[in-house]
Amino acid sequence: MLGVWLYFSLCSMVFAQDSFQIEGSVVNANTLQPLEGANIIGKGLFSISSSTGTFTIKNVAEGTYSLTISHIGYSSETVTLKVGPKMDTLKIYLRESVTELQDVEVNGKTKKRETQELATVSHTVSKDFLDKNRENSLMQTLKNIPGVSTINIGSGQSKPVIRGLGFNRVVVVQNSIKHEAQQWGNDHGLEIDQYGVETVKIIKGPASLQYGSDAIAGVVDIQTSKLPVKNSLKGEVNLLGETNNDLLGVSAGIQGRKNKWFYRGRLTYRDYGDYKVPTDKINYENYIFELHDNNLRNTAGKEADASLGIGFISGNIKSETNFSNVNAKNGFFANAHGLEVRSSSIDYDSSNRDVDLPYHKVNHFKITNNTSVGIGNHTLHLDLGYQNNHREERSEPVPHGYMPTPPDSKERIFDKNTYTLNIKDSFSPNQRHDVAAGVNLEYQDNNIGGWGFLIPAYNRFTIGAFAYDQFELHPDLHLLGGLRYDYGVLDSKSHYDWYPSTVNNSDGSTSYIYLQRAKNKTLNFGNISGSLGISYIHKNTTYKVNLGKSFRMPLANELASDGVNYHMYRYERGNLDLDPESSYQLDLDIDHTTAAFSFGASPFVNIFENFIYLNPTSNYYETLQIYEYTQSKVFRAGGEIRASTTVLKNLQLDASAEYVYSKQTSGPKKGFTLPFSPPLSGLFSASYQFKDFLFLYEPKVKADYRITAAQNEIVPPEEVTEGYQVLNMSFTAQMNLFKSAKPFDVRVKLNNVLNTHFYDHTSFYRLIDVPEPGRNLSISLTVPF
């Protein structure tokens, strides 16, 4: 029997003349790690330990109480304490439970222990972190995680980047279904309502083994929410306001459960104006644009989201069906859509809340079903998904070259239907093996419209089969290995211009023809992925080593694009001869955690045999530079370090740093780095927990100070980005104005306190001389019911 200790420290603070507060911390005395999710229950008293192991029970009258401390996988323990001005400090020793039923031994494991035993390098983001660090989009909220950054596209959109790689090299998964939109585009965001997210698992490094093609750089796994408690009904209302872009937002969620049936739903609405930047002018293509009141004109937008989930659980069967719809309309910065805005009749400065041309509208509808069935020592998982992503990009109809004035504002229309089927069998043939095998199938039907061609219509089918085994060599030593094979077919459709172009023939004559931009083409791709890793736990320290190989199929835009991208002011041309990307990566991870201090380091080495990228050439189409997709060998290395300590009980200090080195070792840009490579960056945080005051409970002040070095390693025509320092402040607390009601959470955050003028090297708008947003005060309330 493994001895595990639970240190339970109880102390009191006088809240009123006859009311006291019980505070405690749940700690694994064997590893000295905080224990999350322990239940502390007494008559009329209840609390759950947080991710830091702490808990609080408020408004306790003087007297004698019995508290029972329990946790899945541990033997329960009951303590008796006297609540009053003088309270004894108790130490409770709780051992991990081991139950023997005939010849079967069941060992309870916490989620943290299971994560430690996995050889993959991952980070789990809790709901508490998401609530306290919430930004304008989910990915902007996650950018404080070491190794995670974003490509920002205005005030409400961003794309995930893991260790310098993004777009279709990072897979986003929600409810076990890969989120499929138009993620190939530079200015296409992520259509997910972050208010409905409870837990996110971030996998750094190649993850094709389980998630398939495209997971060559990592995964953002938005995990299924926890089941509601039996015979329960609860909900919350989130209110948000921001000053920089005059944002007003509200989100309301509810969930309930009788016995076997449960449900959950959420509605979200956000309306915001143009966001402000700390400059009054920008320089785009050597033309100076004045900014009215520092507003980045036409970056306003609206978003309306809805979701509903219905589920059933009984014995060894669990099934849940989720419906969700995200609808957004966002303006593009007017001066970023070519230079034609100089002659536009639109008064962009008449209001900071209207959305004028150019803008985009997107609607993402999704249905998913997740069903699991336990049969003996097997658990069968079946995931079904359907998604429709409809995107319209509209701009003023103006003639370009041989193209006459278009009939309407519909520049580009993309309509994508995706059907997904995942089947997985998880089983344990004996106590030392955890095996999983499965199949993933996906079919995409992408149609196009509008007068501005960029990529052709296409169909894509992929199928992959995988198997992996986690083998326990020793209770503290685990081996993880697996193989996967993927096969895919991409069928692109032919496309002709809707207008004739003038062609000079060799005999001196002139022809007027409709140019063909894309041909009917069918391409097949197949490849093997694999992973082998080991995890070793020694007291307070976990060591991990993982070697993985991943691959990625080329996308339709990389293979068959042939048109003007006015958003990027360039002509893009695909390459039908591209090979699938192959990547090899070695990951190391060391994590040392005690109750008062933790330290971790995650270095990696990554080699691409044929990295696909858009290469600027010396050729021009009309006045636009031609960019062509090509491939090269790439060497990458870097990693993250992190440290945290608690000082004087109430003061917590955190620090992290991340760095990625990239170099192309072949191809036309040999010796250069990769586009949008993030520079060396460090984040230093200090938070102080104050004593309760009046109606404020657990008031906390936090300061984040980010230091980012200059990025001198660039790929022409990129420009060097100077280093910067940014200070953010926040205040969080619980408020209980009426003791009979549940307390509500309040959060006040001040971003860019000093209104610093700086450029983020991974920002989309950096390319056109637009700095990051200026000072922003946000206030949010979460009211439970």
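Residues numbered from 1 in each chain as written. Predicted model: local features only at pLDDT ≥ 70, side-chain atom pairs only at ≥ 80, totals over all residues. Heavy atoms only, no water.

Draft legend 1. Main features of the confidence of the model for the chain. Summary statistics for the chain give a mean pLDDT of 87 and a share of 91% for residues scoring 70 or more. The model gives residues 1-17 a pLDDT under 50, and that stretch makes 75 contacts with residues more than four places away or in other chains. (pLDDT = per-residue confidence, 0-100. Contact = heavy atoms within 4.5 Å.)

Draft legend 2. Structural detail: the packing of aromatic side chains. Evaluated as defined, the whole model comprises 11 aromatic pairs. One aromatic cluster is present, formed by Tyr 386, Tyr 419 and Tyr 443 through successive ring pairs. The ring of Tyr 359 has Lys 329 sitting right over it, with the charged end atom 4.6 Å from the ring centre. The ring of Tyr 627 carries Arg 570 above its face, with NZ or CZ at 4.8 Å from the centroid. (Phe/Tyr/Trp six-rings, centres within 6.5 Å; stacked < 30°, edge-to-face > 60°. Lys NZ or Arg CZ within 6 Å of the ring centre and 35° of its normal.)

Draft legend 3. Broad picture of the sheet that holds strand β8 (residues 63-70). Here we have 4 strands laid out as an open sheet, ordered β6-β5-β8-β9, and antiparallel in their pairing. The open sheet terminates on both sides in strands that have one partner only, identified here as β6 (45-48) and β9 (77-83). Going across the sheet, the axis of each strand differs from the next one's by a mean of 20°, ignoring polarity. Note: strand β5 (residues 39-42) against β8, 3 bridges, orientation antiparallel. Paired with Ile 41 across the strands is Thr 68, a residue of β8. (Pairing = 2+ DSSP bridges. Helix = DSSP H or I, 4+ residues; strand = E, 2+ residues; numbered from the N terminus. Axes fitted to C-alpha atoms, helices over the stretch in contact; angles between N-to-C directions.)

Draft legend 4. Summary view of the side chain of Arg 706. Counting through the fold element by element, Arg 706 comes out in strand β45 (residues 696-708). Of the side chains with opposite charge, Glu 658 lies nearest to the buried Arg 706, which makes no salt bridge, at 4.4 Å. In this structure the side chain of Arg 706 is engaged in a polar contact, spanning 2.8 Å, whose partner is the side chain of Ser 681. If we skip the residues at most four places from it in the chain, Arg 706 touches Lys 143, Asn 144, Glu 658, Ser 681, Gly 682, Leu 683, Tyr 724, Gln 725 and Val 726. (Buried < 20%, exposed > 50% of the residue type's maximum accessible area, 1.4 Å probe, protein only. Lys, Arg positive; Asp, Glu negative; His and termini not counted. Salt bridge = Lys/Arg side-chain N within 4 Å of Asp/Glu carboxyl O. Polar contact = N/O pair within 3.5 Å; in protein donor to acceptor, adjacent residues only side chain to side chain.)

Draft legend 5. Inspection of a positive patch on the surface at higher detail. Judged by side-chain charge, Lys 302, Lys 329, Lys 361 and Lys 410 come together as a positively charged surface patch. Structurally, the position occupied by Lys 302 is in strand β24 (residues 301-314). Residue Lys 302 is classed as partly exposed on the basis of its relative accessible area, which comes to 42%. (Patch = residues over 30% accessible without salt bridge, like charges linked within 9 Å, V, L, I, M, F, W, Y side chains within 5 Å. Areas by Shrake-Rupley, 256 points an atom, 1.4 Å probe, with all protein chains shown as cover. Charge placed at Lys NZ, Arg CZ, Asp CG, Glu CD.)

Draft legend 6. Geometry of the pattern of salt bridges. Here the structure, examined in full by the defined rule, presents 33 salt bridges. Across the pair Glu 117 and Arg 113 runs a salt bridge whose closest N-O atoms are separated by 3.0 Å. Placement of both Glu 117 and Arg 113 in helix α1 (residues 111-117) is noted, with a separation of 4 residues, approximately one turn of the helix. A relative accessible area of 4% places Glu 117 in the buried class. Look at Arg 113 and you get partly exposed, because its relative accessible area is 22%. Across the salt bridge formed by Glu 558 and Arg 552, the nearest N and O atoms sit 3.0 Å from each other. Of the two residues, Glu 558 and Arg 552, both sit in the buried class.

Draft legend 7. Looking closely at the domain arrangement of the chain. The domain boundaries assigned to the chain delineate domain 1 (5-105) and domain 2 (117-784). Each of domain 1 and domain 2 has a C-alpha centre, and the two are 39 Å apart. (Domains from an automatic or database assignment.)

Draft legend 8. The arrangement of the nonpolar core in detail. One finds Leu 142, Val 200, Ile 202 and Val 220 to be the most contacted residues of the largest nonpolar core, which totals 24 residues. Mapped onto this core, the elements with two or more residues apiece are α3 (138-142), β15 (170-174), β17 (200-204), β18 (218-222) and β41 (597-621). Excluding residues that lie within four positions of it along the chain, Val 220 makes contacts with Met 139, Leu 142, Pro 160, Ile 162, Val 170, Val 171, Val 172, Val 173, Val 200 and Lys 201. Formed by 18 residues, the second largest nonpolar core is a distinct cluster that contains Leu 490, Phe 551, Leu 555 and Ile 612. (Core = buried A, V, L, I, M, F, W, Y, C linked by side-chain atoms within 4.5 Å.)

Draft legend 9. Summary view of empty space enclosed by the protein. For the structure shown, the criterion picks out 10 cavities of 30 Å³ or more. A volume near 910 Å³ is recorded for the largest cavity. Surrounding the largest cavity, 48 residues form its lining, Lys 143, Asn 152, Phe 758, Asp 760 and Glu 772 being those nearest its centre. Looking at the lining of the largest cavity, the elements that each hand over two or more residues are α3, β13 (148-152), β43 (651-664), β44 (681-689), β45, β46 (724-735) and β47 (744-751). Considering each element in turn, the lining of the largest cavity owes the most residues, 4 residues, to β13. Grouping the amino acids of the lining of the largest cavity by side-chain chemistry returns 16 nonpolar, 23 polar and 9 charged. (1 Å grid on protein atoms, 1.4 Å probe; cavity = no way out; pocket = protein on both sides within 12 Å on 5 of 7 lines; lining within 4 Å. Points joined across faces, edges and corners; volume = space filled by probe spheres on them. Nonpolar A, V, L, I, M, F, W, Y, C, P; charged D, E, K, R; others polar.)

Draft legend 10. Layout of the pairing of strand β26 (residues 359-375). As defined by bridge partners, strand β25 (residues 317-331) adjoins β26 across 15 bridges and the pair is classed as antiparallel. Within the sheet, the bridge partner assigned to Glu 320 lies in β26 and is Asn 370. Here 17 bridges tie β26 to strand β27 (residues 378-394), and the two strands are oriented antiparallel to one another. The residue bridging Thr 371 from the neighbouring strand is Leu 382, located in β27. With antiparallel pairing between neighbouring strands as the criterion, β26 and β27 make up a hairpin whose turn holds 2 residues, including Gly 376 at a positive phi of roughly 65°.

Draft legend 11. View of unusual backbone geometry. The amide bond that connects Leu 357 to the next residue, Pro 358, takes the cis arrangement and shows omega of 0°. Examined against the element boundaries, Pro 358 turns out to sit in the loop between β25 and β26. One non-glycine residue with positive phi stands out, namely Asn 294, at about 65°. The residue Asn 294 is located in the loop between β23 (287-290) and β24 in this model. The backbone of Phe 676 shows a phi angle near 60°, a positive value even though the residue is not glycine. Inspection of the secondary structure assignment puts Phe 676 in the loop between β43 and β44. Note on Phe 676: relative accessible area 13%, which makes it buried.

Draft legend 12. Broad picture of the side chain of Arg 270. Along the chain, Arg 270 falls in strand β21 (residues 261-272). By relative accessible area, Arg 270 is classed as buried at 4%.

Draft legend 13. Spotlight on the sheet that holds strand β16 (residues 177-178). Pairing in this open sheet of 5 strands is mixed, and the strands run β12-β17-β18-β15-β16 from one edge to the other. Here the strands that pair on one side only, and so sit at the sheet edges, are β12 (122-125) and β16. In terms of strand pairing, β17 meets β18 through 5 bridges, oriented antiparallel. Considered in β18, the bridge of Ile 203 is made with Val 219.

Draft legend 14. Just the pairing of strand β29 (residues 433-449), in detail. Alignment of strand β28 (residues 410-430) against β29, held across 16 bridges, turns out to be antiparallel. Following the sheet pairing, Asp 415 is matched in β29 by Asn 447. Counting the residues that bridge the hairpin from β28 to β29 gives 2 residues. Sheet topology places β29 next to strand β30 (residues 458-474); 14 bridges connect them, and they run antiparallel. Bridge assignment links Ala 437 to a residue of β30, and that residue is Ala 467.

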